[in-house]
Structures are given as C-alpha cells and as structure tokens.
Amino acid sequence: MYHKYNNVERVHPSGLELQDHLVGVQRVTKVTKGGRAFGFSAIVVVGDGQGVVGQGLGKSKDVATAIAKAIENAKKNLVRIPITNKTLPHEQKGKYGGARVFLKPASEGTGVIAGGPVRAVLDSVGVHNVLSKSQGSSNPHNVVKATFDALLQLRSPEMVAKERGISLDKLFKG
C-alpha cells in the first residue's frame, strides 16, 4: 500500500507503547448451497500518539478473533508521520476508492475536528489540533486508507529543506 510514497519511514513495533482504536466491525455473509455462513471483518488503527501509526484488517468467524487479527496486521504496517507542534505541517488531500479526505493544520486549542474513521487515525497518530473534511464514500475501510494516503504525503520542513539541498533558515526566508 505504501509503495508510491518515497518519504515513508517504516517502524518496527518493538519497544513502542501502542494503543489500538477499533474503527469498525462488519458482519459478512457467504452464501453456500447449505445456507448462509456468517463471519466478521474488523478494521483497527494502532498508534503510539507520537507520530507512529498503522492500520490493519482482520477476518474471522467470531468478532474477538477478527479484532485480534486486525491488531496484529496493523502492527506489521507501522509508519512514521511528521507532526509539528501537535498538528500537521501543511494541508493535504488524500483519496482512496470513492473516499476523499482533506486535512488542515489548526492552531493550539482547536482540537480534532474530525469524525469517525478519520478521528481514530488522527488520535492514534497523536495529532491534537486539526480540521478535516471527509467527502464521497463513507465506507470506513476506504476512509481510513484515504486518511493514510493524506498522512503519507505529508513532509516536514526538514524533509523539504533536505530534498532542495538548502538549510531550514533559507527555506523559511525564501
């Protein structure tokens, strides 16, 4: 999922205090000649509140196992997101499937203005002041992936200065 981003820093889960947020559980049905077979699909976001976050999907015949599988899957997909002063470094749009997410940094004291799946992701990352807008599909899977798309495109001022081959002072003066 992260192959198209060149600035993604993958993180190993060892030594991190990860908290999980259950985004959603769906009951799924497989129709067979013997009747209907029910199962569950869970999507979970894990993060340390310091810029490390991951998302995972788990499927099973019962809810608890599906959630456990989703948490394990999320721990395998951890990435580091640049955060400045408990907010985002700049505005960013993300999309996945029919879901569109717009994230905008906010001043201190604003809080997390986001709903549902976007809020779960931003809380896990450790962003405390942000404005967001979710458009299009409200499918939690697509909204979480669209939010990750936006977050993975973020670049810190240090990253921008390094890419341009200039100092931070020159970046902000020019």
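Residues numbered from 1 in each chain as written. Predicted model: local features only at pLDDT ≥ 70, side-chain atom pairs only at ≥ 80, totals over all residues. Heavy atoms only, no water.

S.K.: Whenever I open this one, the packing of helix H2 (residues 116–125) against helix H3 (residues 140–152) confuses me. Can you help?
M.R.: A packed helix pair is summarised by two numbers, namely the angle formed by the two axes and the spacing between the axes. It is at 8 Å that the axes of H2 and H3 come closest, and there the two elements cross at 45 degrees. Judged on the interaxial angle alone, H3 and H2 are oblique. Between H2 and H3 lies a crossing whose hand is right-handed. From H2, Pro-117, Val-118, Val-121, Leu-122 and Val-125 reach across to H3, where they touch Pro-140, Val-143, Val-144, Thr-147, Phe-148 and Leu-151. In terms of residue class, the contact of H2 with H3 is made up of 10 nonpolar, 1 polar and no charged. (Axes fitted to C-alpha atoms, helices over the stretch in contact; angles between N-to-C directions. Helix = DSSP H or I, 4+ residues; strand = E, 2+ residues; numbered from the N terminus. Parallel < 35°, antiparallel > 145°, perpendicular 65-115°, else oblique. Left-handed = near helix turned anticlockwise from the far one by under 90°. Contact = heavy atoms within 4.5 Å. Nonpolar A, V, L, I, M, F, W, Y, C, P; charged D, E, K, R; others polar.)

S.K.: Help me out: how do you make sense of the sheet that holds strand E5 (residues 79–80) in this one?
M.R.: In a beta sheet, neighbouring strands pair by backbone hydrogen bonds and run either parallel or antiparallel. The 5 strands are arranged E1-E5-E4-E3-E2 in an open sheet whose pairing can be described as antiparallel. What marks the edges here is a single partner per strand, and that holds for strand E1 (9–10) and strand E2 (19–32). Both strand E3 (residues 35–47) and strand E4 (residues 52–60) contribute to a ladder of 8 bridges, which runs antiparallel. Paired with Phe-40 across the strands is Ser-60, a residue of E4. Packing of helix H1 (residues 63–75) onto the sheet brings it into contact with E2, E3 and E4, and relative to E4 it is tilted by some 145 degrees. Docked against the sheet, H3 engages E2, E3, E4 and E5, running at close to 155 degrees with respect to E4. (Pairing = 2+ DSSP bridges.)

S.K.: What exactly am I supposed to notice about the pairing of E2 here?
M.R.: Every regular strand shows the same layout, with side chains that alternate between the two sheet faces. When E2 meets E3, the two strands line up antiparallel, connected through 13 bridges. Across the sheet, the residue bridging to Gly-24 is Ile-43, located in E3. Counting the residues in the hairpin turn of E2 and E3 gives 2 residues.

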